[in-house]
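Here are the chains, one letter per residue:
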Amino acid sequence: MKRIGLKLAIAATIATLVSAVPAGAGDSPAVRNCTWCHGANAQGYTVAPRLAGQRPQYTLNQIRSFHDHTRDNPFSRQYMWNAVAALNPDTARDLANYFASIAPKPANDGDSALAAKGKRIFMEGVPEANIVSCYACHGPNGEGIRDIPRLGGLAYFYVKARLEQWNKGYHSTAGSPMPLVASHLGPDEIEALASYLSFVN
Ligand code: HEC
Ligand code: HEC
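Because the structure is predicted, anything quoted here is derived from the model rather than measured. (Residues numbered from 1 in each chain as written. Chains lettered and ligands numbered in written order. Predicted model: local features only at pLDDT ≥ 70, side-chain atom pairs only at ≥ 80, totals over all residues. Heavy atoms only, no water.)

K.L.:
Help me out: how do you make sense of the overall build of the chain in this one?
P.N.:
From N to C terminus, the chain includes 10 helices and 0 strands. Listed N to C, the secondary structure of the chain is α-α-α-α-α-α-α-α-α-α in terms of helices and strands. Buried residues in the chain amount to 40% of all 201 residues. Total accessible area on the chain is roughly 11500 Å²; 60% of this is exposed by carbon and sulfur atoms. (Helix = DSSP H or I, 4+ residues; strand = E, 2+ residues; numbered from the N terminus. Buried < 20%, exposed > 50% of the residue type's maximum accessible area, 1.4 Å probe, protein only. Areas by Shrake-Rupley, 256 points an atom, 1.4 Å probe, with all protein chains shown as cover.)

K.L.:
I tried to follow a nonpolar patch on the surface on my own but got confused; where do I start?
P.N.:
Residues Val-47, Phe-75 and Tyr-79 make up a contiguous nonpolar surface patch of about 260 Å² in total accessible area. Here Tyr-79 is to be found in helix α4 (residues 74–83). (Patch = residues over 30% accessible without salt bridge, like charges linked within 9 Å, V, L, I, M, F, W, Y side chains within 5 Å. Salt bridge = Lys/Arg side-chain N within 4 Å of Asp/Glu carboxyl O.)

K.L.:
Help me understand the packing of helix α6 (residues 115–124) against helix α10 (residues 187–199) in this model?
P.N.:
Two measures define how a pair of helices packs: the angle their axes make with one another and the distance between the axes. For the pair α6 and α10, the least separation of the axes is 7 Å and the interaxial angle reads 100°. In terms of orientation, α6 and α10 fall into the roughly perpendicular class. Here α6 contributes Ala-115, Lys-117, Gly-118, Lys-119, Ile-121 and Phe-122 to the contact with α10, which in turn contributes Asp-188, Glu-189, Ala-192, Leu-193, Tyr-196, Leu-197 and Phe-199. Partitioning the contact of α6 with α10 into residue classes produces 8 nonpolar, 1 polar and 4 charged. (Axes fitted to C-alpha atoms, helices over the stretch in contact; angles between N-to-C directions. Parallel < 35°, antiparallel > 145°, perpendicular 65-115°, else oblique. Contact = heavy atoms within 4.5 Å. Nonpolar A, V, L, I, M, F, W, Y, C, P; charged D, E, K, R; others polar.)

K.L.:
I would appreciate a short explanation of the coordination of the iron atom of ligand 2 in the present structure.
P.N.:
Tetrahedral coordination by four donors sets the ideal angle at the metal to 109.5 degrees; octahedral coordination by six donors sets it to 90 or 180 degrees. Surrounding the iron atom of ligand 2 are the protein donor atoms His-138 (NE2) and Met-178 (SD), which sit 2.1 to 2.3 Å from the metal. Around the iron atom of ligand 2, the 6 donor atoms sit at angles spanning 87 to 179°, and that spread fits a shape best called octahedral. Placement of the pair is His-138 in helix α7 (residues 135–138) and Met-178 in helix α9 (residues 178–182), with a sequence separation of 40 residues. This pair shows no difference in class: His-138 is buried, exactly as Met-178 is. (Donors = N, O, S within 2.8 Å, 3.2 Å for Na, K, Ca; no water. Tetrahedral: all angles 85-135°; square planar, octahedral: opposite > 155°, others 65-115°.)

K.L.:
Is there a simple way to explain helix α3 (residues 56–67) in this structure?
P.N.:
Every α-helix carries 3.6 residues per turn, so stepping three or four residues along brings you back to the same face. In a regular helix each residue adds 1.5 Å, so 12 residues correspond to 16 Å; α3 covers 16 Å between its end C-alpha atoms and thus fits that length. Buried residues of α3: Tyr-58, Thr-59, Leu-60, Asn-61, Gln-62, Ile-63, Ser-65 and Phe-66, and no others. With its phi angle positive at about 65°, His-69 sits one or two positions after the end of α3. (Expected span 1.5 Å × (residues − 1).)

K.L.:
What's the story with the coordination of the iron atom of ligand 1 in this structure? I'm lost.
P.N.:
The protein atoms that coordinate the iron atom of ligand 1 are His-38 (NE2) and Met-80 (SD), at distances of 2.0 to 2.1 Å. Given 6 donor atoms and angles of 84 to 179° at the metal, the environment of the iron atom of ligand 1 is assigned as octahedral. Of this pair, His-38 sits in helix α2 (residues 29–38) while Met-80 is found in helix α4, placing the two residues 42 residues apart along the sequence. For Met-80, a relative accessible area of 18% translates into the label buried.

And the structure:
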């Protein structure tokens, strides 16, 4: 009995070691399963957003939402439902922490002529249009806090698509305040916000 118990303990230890993502192991197989879509150093690539520098609790919540099929827009269904289907919770946590530790680079791909307008909405909202300021939750530099995501430097097309999707009835995290927040944003405000955020360092 003792020997079997010991063997099981060793097997469990090996499994943990294999699934763990050591800090700085940018080219481990677990990380590569994500970065072949999310780009070198997880800085984002085409429709796959940057994961570098993202709040780990947020990343983990999103992985759960893809896994439970709560986050259900077309790209999520097409790419992420499969990508996390077999991910175990320990690996998910290690990946979230690892990506959080990488310094994020701004996408810089918005319309710079709209950045000042976007910054104003982000900081002050538009009270007469019921648009709340974003900074109260996302932080003055869009850096995020706890499980509220970092927005600063995310790609223009990604942020624009996310803000539009809530108004099209797609979901992300259960209980999110964003469907209500986004319901007051028109196309001009969305373009300005997404442009501004793409330049935030
Ligand atoms: C086949 C391509 C592909 C692979 C592989 C992939 N992703 Fe994604 N991922 C995407 C796309 C596309 C999106 C954008 C989904 C959307 O628009 O809602 C995304 C979104 C995400 C998000 C949401 C980010 C945010 O800011 O809300 C997280 C977290 C994420 N992926 C984590 C991972 C992890 C962890 C892995 C590896 C286990 C992984 N992805 C593998 C394509 C991929
Ligand atoms: C009451 C707090 C709150 C306010 C105010 C708020 N947000 Fe959010 N936001 C959240 C939370 C929580 C999430 C994560 C849950 C989710 O994705 O649905 C989020 C997610 C997001 C995302 C998704 C990021 C990603 O990586 O996919 C975007 C984009 C966003 N918010 C933009 C904004 C903008 C623009 C404003 C201002 C007009 C704003 N938010 C105001 C709490 C808030």
